[in-house]
Amino acid sequence: MSTSNRKYKDSVFVDLFSEDEKAKENFLSLYNALHGTELKDTEQLKNVRLDQVLYMSFYNDVSYLVDNKVIVLAEHQSTINPNMPLRCLEYVSRLYESLFQSKEKYSRKLLNIPTPEFYVFYNGEDPFPCDKTLKLSEAFIESTEKPNLELTVKVININQKKRHPVLKNCKPMYEYTLFVETVRRWKKNDPQNAFQKAIEECIANGILSDYLKRKTKEVINMLLAEYDYETDIAVQRAEEREIAFAEGIEQGIEQGIEQGIEQGIEQGIERGIEQGIEQGSHQKALETAKLMKEANCELDFIVQMTRLCKEEIEAL
């Protein structure tokens, strides 16, 4: 992907490890840190990035063919998405599709394909372990001991305080982590000039200094796009929470009304039965009192037997 076509939609992470003139050197350093190897020939690297697969409007992925493997990297500066294995499955499917011609897939000869590996580098501010493995099978509706399809994504926390070994063994990743922390600090202290101040401080301290000197303007534009994207996502999530909250209240009111009506009906029926029984008993007592009165029974005796008052009996 050429710089002129990117329109600054790449993140600094992607540019550093995929698009910059020294990106292959940086990536090879990271690959060696992940695998304990000492590969040095950048010519054996082939950039095989796909456009707009992991993210719809923001490029945040890196993928290379190297050492008979296809390595897919992504960066997260917000909460880790648990659906990354599914998204990586989609990504690698399209990647394999782009690597081989259709007729090759229908050949009788076994088609050898590069082994896929997936990594997510997390440098957000939410608590997260030093590393964690996400599995596609964890999303299956019915879990099985040995799923027929599996895909794993290794999430590595690159925040400096976690001291993951990859930071010690990969200088570009370590300095990138320091750069992100510097940007974050300046965003809190001086939002208006944060990016310029962070870049100046990093250059002065030898943090990605060559890269930042060469690409100061581009990095500022990438950071603007990057943080605008993160802000958009945060706003969308806040709006979704508000909508869900409002819908929850509305649904609660509707359910409350329905339950109230049902309870009212039940209570009405119950009360009606009680009143019917009471009215039926009273009518029976009146009829009994009338018969006793016609039989010339004493008034007090009739009151005792029917539990009616004297006025009701005398009125019969």
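Check the entry above for the structure.
Now for a description of the structure that goes with this document. (Residues numbered from 1 in each chain as written. Predicted model: local features only at pLDDT ≥ 70, side-chain atom pairs only at ≥ 80, totals over all residues. Heavy atoms only, no water.)

Overview of the packing of aromatic side chains
As a reminder, the rule being used: We call Phe, Tyr and Trp rings a pair once their centres come within 6.5 Å, taking the six-membered ring for Trp, and we label the pair stacked below 30 degrees between planes, edge-to-face above 60, and tilted otherwise. Runs of E in the DSSP output that reach at least two residues are strands. Runs of H or I that reach at least four are helices, and both are numbered from the N terminus. Here's how the labels work: a residue is buried when its accessible area is under 20% of the maximum for its type, exposed when over 50%, partly exposed in between, all with a 1.4 Å probe on protein chains only.
Counted according to the given criterion, the structure contains 6 aromatic pairs. Considering the side-chain rings of F13 and F17, the 5.3 Å spacing of their centres and the 45° angle between planes classify their relative orientation as tilted. Within this pair, F13 and its partner F17 are both found in helix α2 (residues 12-19), separated by 4 residues, close to a single helical turn. Of the two residues, F13 and F17, neither departs from the other in class, the shared state being buried. Aromatic side chains Y119 and F121 sit 6.5 Å apart centroid to centroid with 15° between the ring planes, which places their arrangement in the stacked category. Both residues of the pair, Y119 and F121, belong to the buried class.

Looking at the sheet that holds strand β1 (residues 46-47)
For the record, the criterion: In this scheme, strands are said to pair when DSSP sees at least two bridges between them. The criterion used for residue contact is that any of the two residues' heavy atoms lie within 4.5 Å. Axes here refer to lines fitted to C-alpha atoms; in helices the fit is confined to the stretch in contact. Angles between the N-to-C directions go from 0 to 180 degrees.
Here we have 6 strands laid out as an open sheet, ordered β1-β2-β3-β4-β6-β5, and mixed in their pairing. Across the chains shown, the open sheet's two edge strands, defined by having one partner strand only, are β1 and β5 (131-135). Both β5 and strand β6 (residues 152-157) contribute to a ladder of 5 bridges, which runs antiparallel. In the sheet register, K135 faces β6, and the bridge partner there is T152. Across the sheet, helix α3 (residues 23-35) is in contact with β2 (61-66), β3 (69-76), β4 (115-122) and β6; its angle to β3 comes to roughly 100°.

Brief notes about a negative patch on the surface
Quick reminder of the rule: Without a salt bridge and with relative accessible area above 30%, a residue can belong to a patch; like charges are then joined within 9 Å and nonpolar side chains (Val, Leu, Ile, Met, Phe, Trp, Tyr) within 5 Å. In this description, accessible areas are obtained by the Shrake-Rupley approach with a 1.4 Å probe, and a residue is regarded as covered only by the protein chains that are shown. Salt bridge criterion: a side-chain nitrogen from Lys or Arg within 4 Å of a carboxyl oxygen from Asp or Glu. Only four residue types enter the charge count, namely Lys and Arg as positive and Asp and Glu as negative; His and the chain termini do not. Think of each charge as sitting on NZ of Lys, CZ of Arg, CG of Asp or CD of Glu.
A surface patch of like charges, here negative, comprises E250, E254, E258, E262, E266 and E270. Structurally, the position occupied by E270 is in helix α10 (residues 216-294).

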